[in-house]
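# Fold and geometry: a report
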Amino acid sequence: MLTVLLTDGAFTGLIRALRAAYSENIRIVGLSTSSDTPHQALLDAFYIVSPHDDAGYIDALIQILHKEKVDVVFPIESEGLESLMQSENRILSETGARILSAPVSSLTTANDKGLLYSFLADSPDHSLSSLAPLFYFADTKASLFEAIHAIQNTGRKACIKKRRGEDAEGFWLIDNDADYSSRLFTQPPGRTLTERMLSEMLSKMDDREPIPPYLVSEYLPGEEWDCDVLCMHGKLLSVTTRINLSMTGGLTSLLEVRDHPYLAACCEKITAALGLSYVACISFRADASGRFFLLEINPRMMGNIYVSALAGNNYAEMAIDLLYGRKIHTVPPKSGIRTALYYDQLIVETKMQNKEIEETHV
(Lines give C-alpha, C1' and ligand atoms only; values in the text may rest on other atoms or scores of the structure.)
Protein backbone atom coordinates (compact mmCIF):
# COMPACT_ATOMS: atom_id res chain seq x y z
CA MET A 1 0.00 0.00 0.00
CA LEU A 2 1.41 3.38 -1.07
CA THR A 3 0.52 6.44 1.02
CA VAL A 4 0.85 9.88 -0.57
CA LEU A 5 0.15 13.33 0.82
CA LEU A 6 -1.04 16.34 -1.18
CA THR A 7 -0.18 19.67 0.42
CA ASP A 8 -3.39 20.98 -1.13
CA GLY A 9 -6.17 18.40 -1.09
CA ALA A 10 -8.28 20.23 -3.69
CA PHE A 11 -6.50 18.83 -6.76
CA THR A 12 -9.16 16.55 -8.21
CA GLY A 13 -7.13 15.83 -11.37
CA LEU A 14 -4.16 14.53 -9.38
CA ILE A 15 -6.45 12.45 -7.18
CA ARG A 16 -8.03 10.93 -10.30
CA ALA A 17 -4.62 10.19 -11.82
CA LEU A 18 -3.41 8.45 -8.65
CA ARG A 19 -6.61 6.40 -8.28
CA ALA A 20 -6.38 5.36 -11.94
CA ALA A 21 -2.77 4.22 -11.48
CA TYR A 22 -3.03 2.38 -8.15
CA SER A 23 -6.74 1.57 -7.74
CA GLU A 24 -7.21 0.24 -4.18
CA ASN A 25 -3.48 0.10 -3.45
CA ILE A 26 -3.09 3.74 -2.48
CA ARG A 27 -4.07 6.00 0.40
CA ILE A 28 -4.33 9.72 -0.38
CA VAL A 29 -3.95 12.19 2.47
CA GLY A 30 -4.85 15.83 1.81
CA LEU A 31 -4.28 19.11 3.62
CA SER A 32 -6.28 22.33 3.54
CA THR A 33 -6.56 25.56 5.47
CA SER A 34 -10.36 25.29 5.26
CA SER A 35 -12.66 22.77 6.92
CA ASP A 36 -15.15 23.22 4.06
CA THR A 37 -12.92 21.97 1.23
CA PRO A 38 -15.30 19.72 -0.75
CA HIS A 39 -12.50 17.53 -2.09
CA GLN A 40 -12.08 16.02 1.36
CA ALA A 41 -14.82 13.61 0.27
CA LEU A 42 -12.36 12.13 -2.27
CA LEU A 43 -9.54 11.62 0.23
CA ASP A 44 -8.72 8.80 2.63
CA ALA A 45 -7.59 11.24 5.32
CA PHE A 46 -7.97 14.99 5.63
CA TYR A 47 -6.22 17.50 7.87
CA ILE A 48 -6.86 21.19 8.48
CA VAL A 49 -3.58 23.07 8.80
CA SER A 50 -2.30 26.62 9.05
CA PRO A 51 -0.94 28.34 5.91
CA HIS A 52 2.43 27.17 4.62
CA ASP A 53 4.18 30.35 5.77
CA ASP A 54 3.14 29.84 9.39
CA ALA A 55 6.11 29.27 11.69
CA GLY A 56 4.80 25.90 12.83
CA TYR A 57 3.75 24.52 9.46
CA ILE A 58 6.70 22.15 8.95
CA ASP A 59 6.40 20.78 12.51
CA ALA A 60 2.68 20.10 11.96
CA LEU A 61 3.40 18.50 8.60
CA ILE A 62 5.99 16.19 10.14
CA GLN A 63 3.45 15.09 12.75
CA ILE A 64 0.98 14.18 10.02
CA LEU A 65 3.62 12.38 7.95
CA HIS A 66 4.53 10.32 11.03
CA LYS A 67 0.96 9.43 11.89
CA GLU A 68 -0.09 8.53 8.35
CA LYS A 69 3.19 6.75 7.50
CA VAL A 70 3.41 8.78 4.29
CA ASP A 71 5.75 7.54 1.57
CA VAL A 72 5.58 10.40 -0.95
CA VAL A 73 4.71 14.10 -0.61
CA PHE A 74 3.24 15.93 -3.61
CA PRO A 75 3.84 19.68 -3.14
CA ILE A 76 0.94 21.59 -4.67
CA GLU A 77 1.02 25.22 -3.54
CA SER A 78 3.49 27.22 -5.63
CA GLU A 79 4.26 29.68 -2.83
CA GLY A 80 5.21 26.91 -0.42
CA LEU A 81 7.47 24.88 -2.71
CA GLU A 82 10.80 26.43 -1.81
CA SER A 83 10.30 26.46 1.95
CA LEU A 84 9.14 22.84 1.83
CA MET A 85 12.19 21.74 -0.16
CA GLN A 86 14.47 23.61 2.24
CA SER A 87 13.20 21.18 4.89
CA GLU A 88 13.59 18.15 2.61
CA ASN A 89 16.45 16.53 4.52
CA ARG A 90 14.77 17.00 7.88
CA ILE A 91 11.49 15.57 6.62
CA LEU A 92 13.23 12.55 5.11
CA SER A 93 15.34 11.83 8.19
CA GLU A 94 12.47 12.22 10.67
CA THR A 95 9.64 10.57 8.71
CA GLY A 96 11.09 8.66 5.75
CA ALA A 97 8.76 10.58 3.43
CA ARG A 98 10.20 11.71 0.12
CA ILE A 99 9.22 14.95 -1.58
CA LEU A 100 8.47 14.78 -5.27
CA SER A 101 9.85 18.11 -6.49
CA ALA A 102 12.53 19.81 -8.50
CA PRO A 103 15.51 21.13 -6.48
CA VAL A 104 15.37 24.52 -4.78
CA SER A 105 17.74 26.03 -7.36
CA SER A 106 15.20 25.29 -10.11
CA LEU A 107 12.21 26.39 -8.05
CA THR A 108 13.69 29.79 -7.19
CA THR A 109 13.84 30.80 -10.85
CA ALA A 110 10.73 29.02 -12.11
CA ASN A 111 8.46 30.37 -9.36
CA ASP A 112 9.35 34.04 -9.95
CA LYS A 113 8.23 35.35 -13.33
CA GLY A 114 10.68 38.22 -13.09
CA LEU A 115 13.67 35.95 -12.46
CA LEU A 116 12.39 33.55 -15.10
CA TYR A 117 12.05 36.19 -17.83
CA SER A 118 15.45 37.63 -16.91
CA PHE A 119 16.99 34.16 -17.05
CA LEU A 120 15.62 33.66 -20.55
CA ALA A 121 16.49 37.16 -21.79
CA ASP A 122 20.11 36.79 -20.60
CA SER A 123 20.56 33.36 -22.20
CA PRO A 124 23.22 33.21 -24.96
CA ASP A 125 20.93 30.72 -26.71
CA HIS A 126 18.72 32.85 -28.97
CA SER A 127 16.04 30.17 -29.04
CA LEU A 128 15.64 30.73 -25.30
CA SER A 129 16.15 34.51 -25.15
CA SER A 130 13.56 34.99 -27.90
CA LEU A 131 10.92 33.36 -25.66
CA ALA A 132 11.00 36.27 -23.19
CA PRO A 133 8.36 38.92 -23.91
CA LEU A 134 9.04 42.62 -23.43
CA PHE A 135 8.93 43.17 -19.66
CA TYR A 136 9.80 45.54 -16.82
CA PHE A 137 9.88 45.28 -13.03
CA ALA A 138 7.79 47.51 -10.78
CA ASP A 139 7.97 47.86 -7.02
CA THR A 140 6.42 51.33 -6.55
CA LYS A 141 3.36 53.11 -7.91
CA ALA A 142 5.57 55.38 -10.01
CA SER A 143 7.59 52.53 -11.54
CA LEU A 144 4.37 50.67 -12.32
CA PHE A 145 3.08 53.48 -14.52
CA GLU A 146 6.52 54.14 -16.02
CA ALA A 147 6.69 50.51 -17.14
CA ILE A 148 3.16 50.60 -18.54
CA HIS A 149 4.00 53.70 -20.60
CA ALA A 150 7.27 52.19 -21.83
CA ILE A 151 5.40 49.24 -23.32
CA GLN A 152 2.58 51.37 -24.71
CA ASN A 153 5.17 53.58 -26.45
CA THR A 154 6.15 50.54 -28.55
CA GLY A 155 2.59 50.29 -29.86
CA ARG A 156 1.76 47.26 -27.72
CA LYS A 157 -0.76 46.82 -24.93
CA ALA A 158 0.55 46.31 -21.42
CA CYS A 159 -0.55 43.95 -18.69
CA ILE A 160 0.47 43.74 -15.05
CA LYS A 161 0.82 40.62 -12.92
CA LYS A 162 2.40 39.53 -9.66
CA ARG A 163 5.88 38.09 -10.04
CA ARG A 164 4.88 35.20 -7.80
CA GLY A 165 1.47 33.56 -7.66
CA GLU A 166 -0.92 31.29 -9.51
CA ASP A 167 -4.35 31.27 -11.18
CA ALA A 168 -3.77 34.70 -12.77
CA GLU A 169 -3.34 36.30 -9.35
CA GLY A 170 -2.89 40.04 -9.70
CA PHE A 171 -3.28 39.99 -13.51
CA TRP A 172 -4.83 43.02 -15.22
CA LEU A 173 -4.80 44.10 -18.86
CA ILE A 174 -4.42 47.86 -19.28
CA ASP A 175 -6.78 48.82 -22.10
CA ASN A 176 -7.73 52.47 -22.45
CA ASP A 177 -9.87 51.86 -25.56
CA ALA A 178 -12.17 49.08 -24.39
CA ASP A 179 -15.96 49.59 -24.36
CA TYR A 180 -16.42 49.57 -20.61
CA SER A 181 -20.12 50.38 -20.73
CA SER A 182 -20.72 47.11 -22.60
CA ARG A 183 -18.50 45.29 -20.12
CA LEU A 184 -20.54 46.72 -17.27
CA PHE A 185 -23.98 45.91 -18.66
CA THR A 186 -23.74 43.00 -21.10
CA GLN A 187 -20.43 41.14 -20.81
CA PRO A 188 -18.97 38.79 -18.21
CA PRO A 189 -16.54 40.49 -15.80
CA GLY A 190 -12.99 40.60 -17.09
CA ARG A 191 -9.52 41.50 -15.87
CA THR A 192 -9.28 44.80 -17.72
CA LEU A 193 -8.56 48.32 -16.47
CA THR A 194 -7.87 51.73 -17.93
CA GLU A 195 -4.91 53.72 -16.67
CA ARG A 196 -7.35 56.13 -15.08
CA MET A 197 -9.09 53.32 -13.21
CA LEU A 198 -5.75 51.97 -12.01
CA SER A 199 -4.65 55.46 -10.94
CA GLU A 200 -7.83 55.96 -8.92
CA MET A 201 -7.39 52.56 -7.26
CA LEU A 202 -3.91 53.68 -6.16
CA SER A 203 -4.85 57.30 -5.42
CA LYS A 204 -4.15 57.00 -1.70
CA MET A 205 -0.64 55.70 -2.27
CA ASP A 206 2.46 57.84 -2.56
CA ASP A 207 4.36 57.51 -5.84
CA ARG A 208 7.40 56.01 -4.10
CA GLU A 209 5.48 53.85 -1.65
CA PRO A 210 6.47 50.18 -2.07
CA ILE A 211 4.02 47.77 -3.70
CA PRO A 212 4.30 43.95 -3.96
CA PRO A 213 6.85 42.91 -6.63
CA TYR A 214 5.04 43.25 -9.95
CA LEU A 215 5.89 42.43 -13.53
CA VAL A 216 4.71 44.65 -16.38
CA SER A 217 4.86 42.98 -19.77
CA GLU A 218 3.46 43.19 -23.25
CA TYR A 219 0.01 41.66 -23.54
CA LEU A 220 -0.10 38.54 -25.71
CA PRO A 221 -3.56 38.18 -27.31
CA GLY A 222 -2.97 34.93 -29.21
CA GLU A 223 -3.38 31.22 -28.43
CA GLU A 224 -2.45 29.89 -25.00
CA TRP A 225 -0.92 26.42 -24.64
CA ASP A 226 0.05 24.40 -21.57
CA CYS A 227 2.67 21.69 -21.74
CA ASP A 228 2.77 18.98 -19.08
CA VAL A 229 6.40 17.90 -18.84
CA LEU A 230 7.84 14.73 -17.32
CA CYS A 231 11.58 15.11 -16.78
CA MET A 232 14.51 14.11 -14.63
CA HIS A 233 17.67 16.11 -13.86
CA GLY A 234 16.98 18.44 -16.78
CA LYS A 235 16.25 15.70 -19.30
CA LEU A 236 12.79 15.77 -20.89
CA LEU A 237 11.21 12.33 -20.95
CA SER A 238 7.73 13.11 -22.21
CA VAL A 239 5.55 16.13 -22.94
CA THR A 240 1.81 16.53 -23.47
CA THR A 241 0.97 19.73 -25.35
CA ARG A 242 -2.57 21.07 -25.04
CA ILE A 243 -4.32 24.21 -26.20
CA ASN A 244 -6.47 26.21 -23.80
CA LEU A 245 -9.72 26.85 -25.63
CA SER A 246 -11.45 28.64 -22.76
CA MET A 247 -10.41 30.13 -19.42
CA THR A 248 -12.53 30.81 -16.33
CA GLY A 249 -11.09 32.84 -13.48
CA GLY A 250 -7.48 31.99 -14.35
CA LEU A 251 -8.25 28.27 -14.73
CA THR A 252 -8.50 26.33 -17.98
CA SER A 253 -12.16 25.39 -18.43
CA LEU A 254 -11.88 23.81 -21.89
CA LEU A 255 -8.77 22.27 -23.42
CA GLU A 256 -7.68 19.88 -26.14
CA VAL A 257 -4.56 17.73 -26.46
CA ARG A 258 -2.79 18.61 -29.73
CA ASP A 259 0.67 17.80 -31.03
CA HIS A 260 2.92 20.87 -31.20
CA PRO A 261 6.52 19.95 -32.05
CA TYR A 262 7.84 23.52 -31.74
CA LEU A 263 6.53 24.01 -28.19
CA ALA A 264 7.71 20.51 -27.26
CA ALA A 265 11.21 21.47 -28.44
CA CYS A 266 11.02 24.70 -26.40
CA CYS A 267 10.08 22.65 -23.34
CA GLU A 268 13.09 20.42 -23.86
CA LYS A 269 15.45 23.41 -23.87
CA ILE A 270 13.78 25.11 -20.90
CA THR A 271 13.82 21.88 -18.87
CA ALA A 272 17.54 21.44 -19.54
CA ALA A 273 18.39 25.07 -18.81
CA LEU A 274 16.59 25.07 -15.43
CA GLY A 275 17.48 21.51 -14.41
CA LEU A 276 13.86 20.57 -13.75
CA SER A 277 12.85 17.18 -12.38
CA TYR A 278 9.63 15.15 -12.16
CA VAL A 279 6.58 17.09 -13.40
CA ALA A 280 6.17 20.72 -14.43
CA CYS A 281 3.65 22.69 -16.45
CA ILE A 282 5.17 25.14 -18.93
CA SER A 283 2.77 27.69 -20.42
CA PHE A 284 3.14 29.65 -23.64
CA ARG A 285 1.09 32.38 -25.28
CA ALA A 286 1.27 33.87 -28.75
CA ASP A 287 1.21 37.49 -29.84
CA ALA A 288 -1.06 38.83 -32.59
CA SER A 289 1.28 37.49 -35.29
CA GLY A 290 1.33 33.98 -33.81
CA ARG A 291 4.84 34.11 -32.34
CA PHE A 292 5.03 32.23 -29.04
CA PHE A 293 6.50 33.51 -25.77
CA LEU A 294 6.88 31.84 -22.40
CA LEU A 295 4.03 32.79 -20.08
CA GLU A 296 5.02 30.98 -16.88
CA ILE A 297 6.27 27.75 -15.36
CA ASN A 298 4.55 25.86 -12.57
CA PRO A 299 7.25 23.42 -11.34
CA ARG A 300 4.69 21.06 -9.79
CA MET A 301 1.63 18.98 -10.54
CA MET A 302 -1.17 21.03 -12.07
CA GLY A 303 -4.93 20.61 -11.79
CA ASN A 304 -5.21 19.25 -15.34
CA ILE A 305 -2.53 16.56 -14.88
CA TYR A 306 -5.16 13.85 -15.39
CA VAL A 307 -5.38 14.91 -19.05
CA SER A 308 -1.88 13.52 -19.64
CA ALA A 309 -3.05 10.19 -18.20
CA LEU A 310 -6.02 10.21 -20.58
CA ALA A 311 -3.57 10.91 -23.41
CA GLY A 312 -1.58 7.79 -22.54
CA ASN A 313 1.02 8.77 -19.93
CA ASN A 314 0.12 8.91 -16.26
CA TYR A 315 2.75 11.39 -15.12
CA ALA A 316 1.76 11.05 -11.46
CA GLU A 317 2.56 7.34 -11.49
CA MET A 318 5.65 7.80 -13.66
CA ALA A 319 7.00 10.53 -11.36
CA ILE A 320 6.73 8.16 -8.40
CA ASP A 321 8.56 5.50 -10.42
CA LEU A 322 11.32 8.01 -11.15
CA LEU A 323 11.48 8.94 -7.47
CA TYR A 324 12.19 5.30 -6.62
CA GLY A 325 14.60 4.75 -9.50
CA ARG A 326 12.28 2.53 -11.51
CA LYS A 327 12.26 2.47 -15.30
CA ILE A 328 9.36 4.08 -17.11
CA HIS A 329 7.89 3.62 -20.55
CA THR A 330 6.26 6.56 -22.30
CA VAL A 331 4.12 6.61 -25.45
CA PRO A 332 3.32 9.44 -27.87
CA PRO A 333 0.39 11.37 -26.35
CA LYS A 334 -2.94 10.78 -28.05
CA SER A 335 -4.14 13.97 -29.73
CA GLY A 336 -7.76 15.07 -29.95
CA ILE A 337 -8.75 14.48 -26.34
CA ARG A 338 -10.93 17.37 -25.19
CA THR A 339 -11.89 17.96 -21.56
CA ALA A 340 -14.02 20.56 -19.84
CA LEU A 341 -14.17 21.83 -16.28
CA TYR A 342 -17.39 20.89 -14.54
CA TYR A 343 -18.95 21.49 -11.15
CA ASP A 344 -20.45 18.95 -8.77
CA GLN A 345 -21.72 18.79 -5.21
CA LEU A 346 -19.95 16.77 -2.56
CA ILE A 347 -21.08 16.19 1.01
CA VAL A 348 -18.95 18.02 3.55
CA GLU A 349 -19.43 16.85 7.14
CA THR A 350 -17.46 17.23 10.34
CA LYS A 351 -17.08 13.48 10.53
CA MET A 352 -17.60 11.58 7.29
CA GLN A 353 -18.15 7.84 7.34
CA ASN A 354 -14.96 5.90 6.63
CA LYS A 355 -12.96 9.14 6.45
CA GLU A 356 -10.58 10.67 8.91
CA ILE A 357 -10.70 14.42 9.42
CA GLU A 358 -8.49 16.09 11.97
CA GLU A 359 -7.49 19.63 12.76
CA THR A 360 -3.79 20.14 13.30
CA HIS A 361 -3.03 23.18 15.42
CA VAL A 362 0.30 24.91 14.85
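Residues numbered from 1 in each chain as written. Predicted model: local features only at pLDDT ≥ 70, side-chain atom pairs only at ≥ 80, totals over all residues. Heavy atoms only, no water.

## What to know about the environment of T37
Along the chain, T37 falls in the loop between β2 (26–32) and β3 (45–48). Taking relative accessible area as the criterion, T37 reaches 10% and is therefore assigned buried. Here the alpha-carbon distance between T37 and A10, two residues 27 residues apart in the chain, equals 7.0 Å. A distance of 3.2 Å separates a polar side-chain atom of T37 from the backbone oxygen of S34. (Helix = DSSP H or I, 4+ residues; strand = E, 2+ residues; numbered from the N terminus. Buried < 20%, exposed > 50% of the residue type's maximum accessible area, 1.4 Å probe, protein only. Polar contact = N/O pair within 3.5 Å; in protein donor to acceptor, adjacent residues only side chain to side chain.)

## Considerations on the nonpolar core
If you look at soluble globular proteins, the nonpolar side chains tend to sit buried side by side. With 52 residues, the main nonpolar core has L5, I270, F284 and L294 as its most contacted residues. Once residues lying within four places of it in the same chain are set aside, the contact partners of I270 are L128, L131, I282, F284, L294 and I297. Ranked by size, the runner-up nonpolar core spans 31 residues in total, among them F11, A17, Y22 and L100. (Core = buried A, V, L, I, M, F, W, Y, C linked by side-chain atoms within 4.5 Å. Contact = heavy atoms within 4.5 Å.)

## Comments concerning the sheet that holds strand β10 (residues 210–218)
Taking strand neighbours across the sheet as the criterion, the five strands line up as β6-β10-β7-β8-β9 in an open arrangement whose pairing is mixed. Looking at strand neighbours, the two that pair on one side only are β6 (135–140) and β9 (192–193), the edges of this open sheet. In terms of strand pairing, strand β7 (residues 158–162) meets β10 through five bridges, oriented antiparallel. What sits directly across from I160, in β10, is V216. Packed on one face of the sheet, helix α6 (residues 113–121) meets β6, β7 and β10 and runs near 145° to β6. (Pairing = 2+ DSSP bridges. Axes fitted to C-alpha atoms, helices over the stretch in contact; angles between N-to-C directions.)

## Observations regarding unusual backbone geometry
Notably, H233 is not glycine yet its phi reads approximately 50°, a positive angle. Relative to the elements of secondary structure, H233 occurs in the loop between β11 (224–232) and β12 (235–248). Positive phi, normally seen in glycine, also occurs at Y278, with a value near 70°. If you trace the backbone, Y278 turns up in strand β14 (residues 278–286). Given the relative accessible area of 9%, Y278 is considered buried.

## Some thoughts on the packing of aromatic side chains
All chains considered together, the criterion is met by two aromatic pairs. Taken together, a centroid distance of 5.6 Å and an interplanar angle of 70° make the contact between Y117 and F135 edge-to-face. Of this pair, Y117 sits in helix α6 while F135 is found in strand β6, placing the two residues 18 residues apart along the sequence. A relative accessible area of 1% means that Y117 is categorised as buried. One aromatic cluster in this structure is built from Y117, F135 and F137. Lying across the ring of Y324, R98 places its NZ or CZ 5.3 Å from the centre. Over the aromatic face of Y180 sits the side chain of R183, whose NZ or CZ is 5.8 Å from the ring centroid. (Phe/Tyr/Trp six-rings, centres within 6.5 Å; stacked < 30°, edge-to-face > 60°. Lys NZ or Arg CZ within 6 Å of the ring centre and 35° of its normal.)

## Some details on the confidence of the model for the chain
Here the chain averages 91 in pLDDT, and 96% of its residues register 70 or above. Model confidence for the chain, summarised as mean pLDDT per element, is weakest for strand β17 (residues 356–359) at 48 and strongest for helix α11 (residues 261–274) at 98. Every residue in residues 351–357 scores below 50 in pLDDT, and together they form 18 contacts with partners more than four places removed in sequence or on other chains. (pLDDT = per-residue confidence, 0-100.)

## A look at the packing of helix α1 (residues 12–22) against helix α13 (residues 315–323)
Their axes nearest at 8 Å, the elements α1 and α13 cross at an angle of 70°. Taken together, the axes of α1 and α13 lie roughly perpendicular to each other. Of the residues in α13, those in contact with L14, A17, L18, A21 and Y22 of α1 are A316, E317 and I320. (Parallel < 35°, antiparallel > 145°, perpendicular 65-115°, else oblique.)

## Quick notes on the state of the cysteines
Under the counting rule described, the total for this entry stands at zero disulfides. With no disulfide of its own, C159 lies closest to C281 among cysteine sulfurs, the gap being 18 Å. By relative accessible area, which is 2% here, C159 ends up buried. Unpaired in this structure, C231 has its nearest cysteine sulfur neighbour in C267, at a distance of 9.7 Å. (Disulfide = S-S within 2.5 Å.)

## Brief notes about a nonpolar patch on the surface
Nonpolar side chains collect at one region of the surface, where L251, L341 and Y343 lie side by side and expose about 340 Å² of accessible area between them. Here L341 shows up in the loop between β16 (338–340) and β17. Residue L341 is classed as partly exposed on the basis of its relative accessible area, which comes to 40%. (Patch = residues over 30% accessible without salt bridge, like charges linked within 9 Å, V, L, I, M, F, W, Y side chains within 5 Å. Areas by Shrake-Rupley, 256 points an atom, 1.4 Å probe, with all protein chains shown as cover. Salt bridge = Lys/Arg side-chain N within 4 Å of Asp/Glu carboxyl O.)

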